[in-house]
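So the chains spell out like this:
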Amino acid sequence: MAKKILFIEDDPALQKALGNFLREQGYDVHAAADGAEGLAMAARELPDLILLDLILPGMHGLEVLKAMRRDETLQAVPVMVLTNVESNESIEQAIELGARAYLVKTSYSLDEVLSKIQGVLGGGPE
């Protein structure tokens, strides 16, 4: 069974590009366009990994991460932050809240993001 990834991202072009790329690699990818929708989908879908943007409509990504850490069913779900926010404060907060990786979108290719995902999930899509 393919590993399930929830991608919480408000940029439709990036959501489509990365989502399609990960599907081609064999992952089951679900997408949410804002923080509240992403949190609800996480609880419903129980993904193997969440890719989380920080700048989201309605609910900031760090708030999503805080809410996940308070929820017993979501506490163990690994989260990788994938954002354009490069501030040390945001990086520190995300890591303190348990993010497994903090990637700045403009600094990573799709293949590099895939490599980080594989590292967090311990291998490929199966």
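Scroll up for the structure.
The model shown is predicted, which means the values in this text are computed figures rather than measured ones.

Reading the values: rules and limits
- Residues numbered from 1 in each chain as written.
- Predicted model: local features only at pLDDT ≥ 70, side-chain atom pairs only at ≥ 80, totals over all residues.
- Heavy atoms only, no water.
- Helix = DSSP H or I, 4+ residues; strand = E, 2+ residues; numbered from the N terminus.
- Pairing = 2+ DSSP bridges.
- Axes fitted to C-alpha atoms, helices over the stretch in contact; angles between N-to-C directions.
- Contact = heavy atoms within 4.5 Å.

Q: Even after reading the chapter, I still don't get the environment of valine 113, so can you show me in this structure?
A: Considering the arrangement of structural elements, one finds valine 113 in helix α5 (residues 110-121). Placed 50 residues apart in sequence, valine 113 and glutamate 63 show a C-alpha to C-alpha distance of 23 Å.

Q: Sorry if this is basic, but what is going on with the sheet that holds strand β2 (residues 28-32) here?
A: In a beta sheet, neighbouring strands are held together by backbone hydrogen bonds and run either parallel or antiparallel to one another. If you walk across this open sheet you meet the five strands as β2-β1-β3-β4-β5, and the pairing is parallel. Two strands close off the open sheet at either side, each with one partner strand: β2 and β5 (101-104). Neighbour-to-neighbour, the strand axes of this sheet turn through a mean angle of 20°, independent of strand direction. Sheet topology note: the strand β4 (residues 79-83)/β5 ladder contains four bridges and is parallel. Across the sheet, threonine 83 pairs through a bridge with valine 104, a residue of β5. Sitting on the sheet, helix α1 (residues 12-24) touches β1 (4-8), β2, β3 (49-52) and β4, and the angle it makes with β2 is about 165°.

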